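Understanding the architecture of this molecule
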Amino acid sequence: MRLFVGIDIEPAIRERISKFVEGVRNFAPDVRWVNAETFHVTLKFLGETNKTEEVKRALAQISASPVTISFGETGYFPSQKQGRVFWVGMEAGANLATLHRAVDAATQALGFEGEKGPYRPHLTLARAGSGRPSRTRDDHPNNKFQRLQEKLTALPPLEFGTMTTHEFFLYESKLSPRGAQYSKIDRYALGS
């Protein structure tokens, strides 16, 4: 199975972000837009694995507090000039970073690779080219987001809402020509 660990987005926030995307998608017609039904906050991408049951047991041992997240502003990975990923940013307290570290540690104990850089939580809206968020030697200016960038600079600061989550999930990701399809395969409660 192809797995990742993440946080689901509240319906009202999902709807606000979806309406925003509908309003701006024509300014970047040559990119792959993410379906609103699949919006999530990734805590850890695990990839293809046959360790599903071990992952479930490890994640069930995590003890962490609820996480409050505010969604707003937009940006690009790896940079605005070389954008391959268009995202909505988020502000979150220490609880999100603590949860991320706990998930990373639990999965590293099972042999999954640990995070190499700082955790940069975001909600992916669109991808251009490879969609890789990190820099590579082959990076060059990418103008697929240029018109979108120009339009967004004229907007006031964006705010999509704040939510507090009391759970996180193990997801299965199935790739298809229509894009990735995500299914929740296990739920984990966050304490109070």
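Attention here is on the structure that accompanies the text. (Residues numbered from 1 in each chain as written. Predicted model: local features only at pLDDT ≥ 70, side-chain atom pairs only at ≥ 80, totals over all residues. Heavy atoms only, no water.)

A few points about the overall build of the protein chain
Formally: To qualify as a helix, a DSSP run of H or I must reach at least 4 residues; to qualify as a strand, a run of E must reach at least 2; elements of each kind are numbered from the N terminus. Atoms counted for the radius of gyration: C-alpha only. Globule rule: 2.2 Å times residue count to the power 0.38. A simple rule labels every residue: compare its accessible area, found with a 1.4 Å probe on the protein chains alone, to the largest value its type can have, and call it buried under 20%, exposed over 50%, or partly exposed in between. Computed with a 1.4 Å probe, the accessible areas rest on the Shrake-Rupley method; for each residue, only the protein chains presented here act as cover. As used throughout, the charge tally considers Lys and Arg to be positive and Asp and Glu to be negative, leaving His and the chain termini uncounted. The location of each charge is read from NZ of Lys, CZ of Arg, CG of Asp or CD of Glu.
The helix and strand inventory of the protein chain stands at 4 helices and 9 strands. Put simply, the protein chain runs from its N terminus to its C terminus through helices and strands in the order β-α-β-β-α-β-β-α-β-α-β-β-β. A globule of 192 residues ought to have a C-alpha radius of gyration of about 16 Å, and the protein chain, at 17 Å, matches this closely. Overall size of the protein chain, expressed as C-alpha extent along the three principal axes, is 45 × 35 × 30 Å. For the protein chain, the residues scored as buried account for 44% of the 192 residues in total. Put simply, the protein chain shows about 10,600 Å² of open surface, and 48% of that area lies on carbon and sulfur atoms. Each charge sign in the protein chain was given a centre, from 26 positive and 21 negative side chains, and these centres are 4 Å apart.

A short note on the layout of surface pockets
Stated formally: Of the two site types, the cavity is a set of points on a 1 Å grid over the protein atoms alone where a 1.4 Å probe fits but cannot get out, and the pocket is an open set with protein on both sides within 12 Å along at least five of seven lines, each lined by residues with an atom within 4 Å of a point. Grid points are joined across faces, edges and corners, and a volume is the space filled by probe spheres set on the points. Gly is placed with the polar residues, together with every amino acid not listed as nonpolar (Ala, Val, Leu, Ile, Met, Phe, Trp, Tyr, Cys and Pro) or charged (Asp, Glu, Lys and Arg).
Considered as a void within the structure, the second largest pocket measures approximately 180 Å³ in volume. The wall of the second largest pocket is formed by Glu73, Thr74, Gly75, Tyr76, Gln80, Gln149, Leu152, Thr153, Leu155, Pro156, Pro157 and Leu158. Taken together, the residues of the lining of the second largest pocket sort by class into 6 nonpolar, 5 polar and 1 charged.

What about the packing of aromatic side chains?
Applicable threshold: Any two of the Phe, Tyr and Trp rings considered here, Trp counted by its six-membered ring, make a pair once their centres fall within 6.5 Å; the pair's planes then place it as stacked at under 30 degrees, edge-to-face at over 60, or tilted in between. Think of it as a cone above the ring: NZ of Lys or CZ of Arg counts as a charge over the ring if it is within 6 Å of the ring centre and within 35 degrees of the ring normal.
Tallying each qualifying case throughout the model produces 10 aromatic pairs. For the ring pair Phe169 and Tyr171, a centre distance of 6.0 Å and an interplane angle of 65° mean the geometry is edge-to-face. Across the pair, Tyr171 and Phe169 agree in class, each one buried. Cluster of aromatic residues (ring-pair linked, three or more members): Phe4, Phe169, Tyr171 and Tyr182. The side chain of Lys51 reaches across the aromatic face of Phe112, ending 5.7 Å from its centre. If you follow Lys184 out to its NZ or CZ, it ends over the ring of Phe169, 4.2 Å from the centre.

Some thoughts on the sheet that holds strand 6 (residues 122-127)
To keep things clear, this is the line we draw: Strands are treated as partners if at least two bridges between them are detected by DSSP. Contact between two residues is taken to exist if any of their heavy atoms lie within 4.5 Å; hydrogens are not considered. Interaxial angle, 0 to 180 degrees, is taken between N-to-C directions of lines fitted to C-alpha atoms, where a helix line uses only the stretch in contact.
As summarised here, the arrangement of the 5 strands in space is 2-6-5-4-7, forming an open sheet in which the pairing is antiparallel. In the strand order of this sheet, the two ends are held by strand 2 (32-33) and strand 7 (159-165), each with one partner. Relative to strand 7, strand 4 (residues 67-77) runs antiparallel, the two being bridged by 6 bridges. Across the sheet, the residue bridging to Ile69 is Met163, located in strand 7. With respect to the sheet, helix 1 (residues 11-24) is in contact with strand 2, strand 4, strand 5 (85-92), strand 6 and strand 7, its orientation differing from that of strand 7 by roughly 150°.

A word on helix 4 (residues 146-153)
Here is the rule: Here the arc refers to the set of directions running from the helix axis out to each C-beta atom.
Among all positions in helix 4, only Leu148, Gln149 and Leu152 are buried. One side of helix 4 carries all its buried residues, which in axial view fall inside an arc of 100°. Tucked into the core, helix 4 has its buried residues touching helix 1, strand 2, strand 4 and strand 5.

As for the side chain of Thr52
Secondary-structure assignment places Thr52 in helix 2 (residues 52-60). A relative accessible area of 9% places Thr52 in the buried class. Setting aside residues no more than four positions away along its own chain, Thr52 makes contact with Met1, Leu3 and Ile185.

Observations concerning the sheet that holds strand 9 (residues 181-189)
An order of 3-1-8-9 is seen for the 4 strands of this open sheet, with the pairing classed as antiparallel. Across the chains shown, the open sheet's two edge strands, defined by having one partner strand only, are strand 3 (40-48) and strand 9. Neighbour to neighbour, the strand axes of the sheet diverge by 25° on average, direction disregarded. Here 8 bridges tie strand 8 (residues 167-174) to strand 9, and the two strands are oriented antiparallel to one another. In the strand pairing of strand 9, Ser173 is matched with Tyr182.

By themselves these figures say nothing about function.
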